[in-house]
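# Notes for the structure review
Chain residues, written in single-letter form:
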Amino acid sequence: MSKLELAPSEALYPVPVVLVSCQAQDTANIITIAWCGVVCSKPPILSISIRPSRYSHKIISQAGDFVINIPSQDLLKEVDLCGVVSGRDKDKFELCKLTKIGSSVVHSPMLKECPVNIECKLINTLNLGTHDMFMGMVVKVHADESVLDEEGNMDYSKAGPIVYNRGEYWSLGKKIGQHGFSVK
Ligand SMILES: Cc1cc2nc3c(=O)[nH]c(=O)nc-3n(C[C@H](O)[C@H](O)[C@H](O)COP(=O)(O)O)c2cc1C
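Residues numbered from 1 in each chain as written. Predicted model: local features only at pLDDT ≥ 70, side-chain atom pairs only at ≥ 80, totals over all residues. Heavy atoms only, no water.

### Points about the site of the ligand
Taken together, 22 residues are adjacent to the ligand, and Asn 29, Thr 32, Ser 56, Ser 86 and Gly 87 come closest. For the ligand, an oxygen atom lies 2.8 Å from a polar atom in the side chain of Asn 29. The backbone of Val 85 places a nitrogen or oxygen atom 2.9 Å from an oxygen atom of the ligand. Taken by itself the ligand offers 640 Å² of open surface, and the protein chains cover 90% of this. Considering each element in turn, the shell around the ligand owes the most residues, four residues, to strand 3 (residues 27-33). The residue makeup of the shell around the ligand, split by class, is 11 nonpolar, eight polar and three charged. (Near = heavy atom within 4 Å. Polar contact = N/O pair within 3.5 Å; in protein donor to acceptor, adjacent residues only side chain to side chain. Areas by Shrake-Rupley, 256 points an atom, 1.4 Å probe, with all protein chains shown as cover. Helix = DSSP H or I, 4+ residues; strand = E, 2+ residues; numbered from the N terminus. Nonpolar A, V, L, I, M, F, W, Y, C, P; charged D, E, K, R; others polar.)

### Here's the deal with unusual backbone geometry
Residue Pro 14 is bonded to the preceding Tyr 13 through a cis peptide linkage, with omega at 0°. Counting through the fold element by element, Pro 14 comes out in the segment before strand 1 (15-16). The omega angle of the peptide bond from Lys 42 to Pro 43 is 0°, so this bond is cis rather than trans. Positionally, Pro 43 belongs in the loop between strand 4 (36-40) and strand 5 (45-50). Phi is positive for Ala 11, which is not a glycine, with a value near 55°. Examined against the element boundaries, Ala 11 turns out to sit in the segment before strand 1.

### Some points on helix 1 (residues 55-63)
For helix 1, the complete set of buried residues consists of Ser 56, His 57, Ile 59 and Ile 60. Against the buried residues of helix 1 lie strand 2 (18-24), strand 3, strand 5, strand 6 (65-70), strand 9 (116-127) and strand 10 (132-143). Just past helix 1, the residue Gly 64 takes up positive phi, approximately 75°. (Buried < 20%, exposed > 50% of the residue type's maximum accessible area, 1.4 Å probe, protein only. Contact = heavy atoms within 4.5 Å.)

### Structural notes on the nonpolar core
Ranked by size, the top nonpolar core spans 22 residues in total, and within it Val 20, Ile 33, Ile 48, Ile 60, Phe 66, Ile 68 and Ile 118 carry the most contacts. If you list the elements that add at least two residues to this core, you get strand 2, strand 3, strand 5, helix 1, strand 6, strand 9 and strand 10. It is strand 2 that provides the largest number of residues to this core, a total of four residues. For Ile 33, the residues in contact, after removing those within four places along its chain, are Pro 16, Val 17, Val 18, Val 20, Ile 48, Ser 49 and Ile 50. Counting residues in hydrophobic clusters, the runner-up holds 13 residues, among them Ala 28, Ile 30, Phe 93 and Ile 162. (Core = buried A, V, L, I, M, F, W, Y, C linked by side-chain atoms within 4.5 Å.)

### Things to note about the packing of aromatic side chains
Summed over the entire model, instances satisfying the criterion amount to three aromatic pairs. Here Tyr 164 and Tyr 169 contribute two aromatic rings whose centre-to-centre distance is 6.0 Å and whose plane-to-plane angle is 50°, an arrangement assigned as tilted. You can call Tyr 169 partly exposed: its relative accessible area is 33%. Feature note: the residues Tyr 13, Trp 35, Tyr 164 and Tyr 169 constitute an aromatic cluster, connected by ring pairs. One cation-aromatic arrangement involves Lys 100 over Phe 93; the distance from NZ or CZ to the ring centre is 4.8 Å. (Phe/Tyr/Trp six-rings, centres within 6.5 Å; stacked < 30°, edge-to-face > 60°. Lys NZ or Arg CZ within 6 Å of the ring centre and 35° of its normal.)

Shown next as structure tokens:
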């Protein structure tokens, strides 16, 4: 292989795209997030990174919680809209016809139309540069029956998740292996 050196950049693609819902007092909002990830398994902790200029940044900081909703591909237009329109200017629940439903533990609402909703309590905020990383302890997970397998485990291939590939939206490809297959 012949490799060229490129300037440092975030460079890690593809990544999942999620809709994060949040609410502080009466102000609720939705933001599209691609900079999200798993940072710990036990306890389960997820991260989302948000620019301080986003309306959602203030809401999540005040609320102390948020919900990560996994959208299916049929919500692609809504995902894009929530990522180009600010809640400062428009009510994105109305604009996208997305429905708030009460969470079990946190104050922020979940999105009814997303098959998986992950309730998170904000446990730490790291100021990193362009983005602040919000670390959320998972306190409850909700999954629609349609995305569960026969044993009741989550089967994300059934959820039709959206993948973000440097400015483009992609779908999940086909299964090509199983964890640990190399030593079986
Ligand atoms: C696919 C996609 C992914 C995005 N990922 C992020 C992200 O990880 N962090 C961020 O701060 N903004 C991200 N954005 C931009 C925000 O979603 C966008 O600025 C949004 O309008 C902010 O909404 P708000 O002002 O209501 O919070 C993304 C946008 C798109 C379309």
